[in-house]
Number of protein chains: 2
Amino acid sequence: MQVVHTKVELRAALKEAHTTGKTVGLVPTMGYLHAGHASLIRRARRENDVVVVSVFVNPTQFGPNEDLSAYPRDAEKDSALMRAEGVDLAFFPPVEELYPPGFTTYVQVEGPMTATLCGRTRPGHFRGVATIVSKLFHLALPDRAYFGQKDAQQLAVIEQMTRDLDLGIQIVGCPIVREADGLAMSSRNVYLTETQRAQAPGIARALFEAREMIRDGRRDAAAVVEHVKKTIAAIDSAAIDYVSMVDPRTLGDLETLSGEVLIAVAVKLGRTRLIDNIRVEV
Amino acid sequence: MQVVHTKVELRAALKEAHTTGKTVGLVPTMGYLHAGHASLIRRARRENDVVVVSVFVNPTQFGPNEDLSAYPRDAEKDSALMRAEGVDLAFFPPVEELYPPGFTTYVQVEGPMTATLCGRTRPGHFRGVATIVSKLFHLALPDRAYFGQKDAQQLAVIEQMTRDLDLGIQIVGCPIVREADGLAMSSRNVYLTETQRAQAPGIARALFEAREMIRDGRRDAAAVVEHVKKTIAAIDSAAIDYVSMVDPRTLGDLETLSGEVLIAVAVKLGRTRLIDNIRVEV
């Protein structure tokens, strides 16, 4: 595995692949890799000649009161996981490599898609996401890019940006990977106290119950959402940010259910904000 | 010359060039081509294996009270000029090809660079420019792209965007081409009445006089700007929007002159808004 830190090195390392028609798969990450990331890398490995993984805790997607400085980092463990998964090229840029002095250009998916769900409490978050992802796309020029469905809104925003800006890249959304007890894998799970960690799987259980309700024939979005809210509210120390039933592509609210629906939640356990979701084919 | 109207056709037409390592030069235009455009095409022809010219009157860069519907169009004359200049590929997309229903992603160069000069009276203009140019870059994946120095602010904004978003494209700014009497070539000159057309070269003359003042040793920006304002104000029917002495890269105002300076003006002659500028090496 080749490890690079600069844009010039990254481009040089990919030049041969691009001029010889090899396919390139990109997995953009913020590091502190877990089994969810590993599943993205494995899929990229299966589908492409060259696999690139970027590790960059992107400052422009964190709000002023968010956890940028606390965000967990472990480059050595990340490198070991990448090597084990057969990654060809690891990109670990320092912040000033991607945001040099005078940086002032942003990509913004405007409208309801970024104003709803996490956009309500994290203004500017998806502007930061769209900007860094477009930069990574320009640098690596991948054929395919891999993102987890756990960040469902991020995935929808990146798909919208990729269509709108004609990026010509196939966006591959990969299923959520969960711990044995149901908790969705997240680098932020490390923030949880022992008690919170024991309570956290209740969020996933509420989503699984919602899926059962729909499979059992419930078609009233409000009733299903209400059930999820009640179930999560019963968890000690849980404070619900949102529970929403939306179209997974547009993120528009659904009243009655048909096609594929997404139930998305954001919950604070103490000071740790967790998101999770489930897709159900109605 | 191959003429295409869709993104799929454009990408297909360029595929061979990209996979065989041929260099691609892109000249994005709004059509109604004149000798200024021809100079861009000629330079692109000299420097690249494949020359692509796009003709698209981009609605997102026009304000609600601007001249979108009146903007002059002549696809046949444009095609003839392109053929004469040896263009390989002409791209004439309809509006819905680049802005399909649901389009909602924009690229914005934020900060003083887009707030000054034309940005003061044309809010959103450079957001529209940055968005369409980034789309055309993604579609054509050129090695070099060619823009006229007449739109000096547009050129600075595109250079900033290209750096910030790591587009990896060489932006080539080409000198202003003028009529025999000094008037800068512009598709909008066709709007001028006979009287206005006779008055218009006074704008360029004011800029030439400013250059002479600087060459004669004047280093006080305010005095030079004042002279340009007085000279243009003396033209019947001229209403000055701005006269500014700025750094051509950052567009920041200059007080004393050193290095390369840009004197930029926007003037309304009747209902027609003309821009012009001159670069002087101090």
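Remember, it's a predicted structure, so these values are computed and weren't measured experimentally. (Residues numbered from 1 in each chain as written. Chains lettered and ligands numbered in written order. Predicted model: local features only at pLDDT ≥ 70, side-chain atom pairs only at ≥ 80, totals over all residues.)

1. With respect to the interface of chain A and chain B
Each partner contributes residues to the interface: chain A has 23 residues there, and chain B has 24 residues. With five residues, the single largest contributor to the side of chain A that touches chain B is strand β5 (residues 105-109) of chain A. Looking at the side of chain A that touches chain B, its residues break down into eight nonpolar, ten polar and five charged. Sheet topology note: the β5 of chain A/strand β5 (residues 105-109) of chain B ladder contains five bridges and is antiparallel. Bridge pairing in β5 of chain B places valine 107 of chain A opposite valine 107 of chain B. (Contact = placed C-beta atoms within 7 Å. Helix = DSSP H or I, 4+ residues; strand = E, 2+ residues; numbered from the N terminus. Nonpolar A, V, L, I, M, F, W, Y, C, P; charged D, E, K, R; others polar. Pairing = 2+ DSSP bridges.)

2. Remarks on the pairing of strand β3 (residues 50-55) of chain B
Residue and element names in this part refer to chain B. The buried count for β3 comes to six of six residues, which makes it a mostly enclosed element. Neither face of β3 is open: one carries Val50, Val52 and Ser54, the other Val51, Val53 and Val55, and all of them are buried. Sheet topology note: the strand β2 (residues 24-29)/β3 ladder contains six bridges and is parallel. Its bridge partner lying in β3, leucine 26 is registered against valine 52. A crossover connection joins β2 to the parallel β3 through helix α2 (residues 35-47); in handedness this β-α-β unit is right-handed. Where β3 meets strand β4 (residues 89-91), three bridges bridge the pair, whose relative direction is parallel. Residue pairing for β4: valine 53 is matched across the bridge by alanine 90. Handedness of the crossover is the feature at issue here: the chain leaves β3, passes through helix α3 (residues 75-84), returns alongside β4, and the resulting connection is right-handed. (Buried ≥ 20, exposed ≤ 12 C-beta atoms within 10 Å, placed from the backbone. Right-handed = clockwise from strand over helix to strand, strands pointing away.)

3. Concerning the packing of helix α10 (residues 201-215) of chain B against helix α11 (residues 221-233) of chain B
All names here are of chain B. Direction vectors running N to C along α10 and α11 enclose 155°, while the axes themselves pass 9 Å from each other. Classified by the angle their axes make, α10 and α11 are roughly antiparallel. As α10 runs across α11, the sense of the crossing is right-handed. Contacts between α10 and α11 involve Gly202, Ile203, Ala206, Leu207, Glu209, Ala210, Met213 and Ile214 from the first element and Val224, His227, Val228, Thr231 and Ile232 from the second. (Axes fitted to C-alpha atoms, helices over the stretch in contact; angles between N-to-C directions. Parallel < 35°, antiparallel > 145°, perpendicular 65-115°, else oblique. Left-handed = near helix turned anticlockwise from the far one by under 90°.)

4. Overview of the sheet that holds strand β10 (residues 272-281) of chain B
Residue and element names in this part refer to chain B. As summarised here, the arrangement of the three strands in space is β8-β9-β10, forming an open sheet in which the pairing is antiparallel. Because the sheet does not close on itself, it has two edges, and the strands there are β8 (238-246) and β10. Pairwise comparison of adjacent strand axes, ignoring direction, gives a mean angle of 15° for this sheet. Pairing geometry for β8 and strand β9 (residues 260-269), over eight bridges, is antiparallel. Residue pairing across strands places tyrosine 242 opposite alanine 266, the latter belonging to β9. α10 rests against β9 and β10 of the sheet, and its axis sits at about 20° to β10. Those strands touched by α11 are β8 and β9, and its axis lies near 160° from that of β8.

5. Overview of the relation of the copies chain A and chain B
Each copy superposes on the other: chain A lies on chain B with an RMSD of 0.0 Å after a rotation of 180° and an axial shift of 0.0 Å. Both copies of the chain, as the preceding transformation shows, are related through a two-fold rotation axis. Proximity to the rotation axis, assessed at the C-alpha, singles out valine 107 of chain A in chain A; its C-alpha lies 2.3 Å from the axis. Mapped onto chain B, 100% of the interface residues of chain A are again interface residues, and the two copies thus contact each other with one and the same surface. (Least-squares fit on C-alpha atoms with pLDDT ≥ 70 in both.)

6. Remarks on the environment of valine 261 of chain B
Residues and elements named next belong to chain B. If you trace the backbone, valine 261 turns up in strand β9. Measuring from C-alpha to C-alpha, the distance between valine 261 and valine 95 comes to 37 Å, with 166 residues separating the pair along the chain. Each residue touching valine 261, except ones within four places of it in the same chain, is listed here: Met245, Leu254, Val280 and Val282.

7. Describing the nonpolar core
Core analysis: the biggest nonpolar cluster contains 156 residues, and Val265 of chain A together with Val265 of chain B have the highest contact counts within it. Sequence-distant contacts of valine 265 of chain A, defined by excluding residues within four places in its chain, comprise Ile203, Leu207, Val228, Ile232, Tyr242, Val243, Ile275, Asp276 and Asn277 of chain A. (Core = buried A, V, L, I, M, F, W, Y, C linked by C-beta atoms within 7 Å.)

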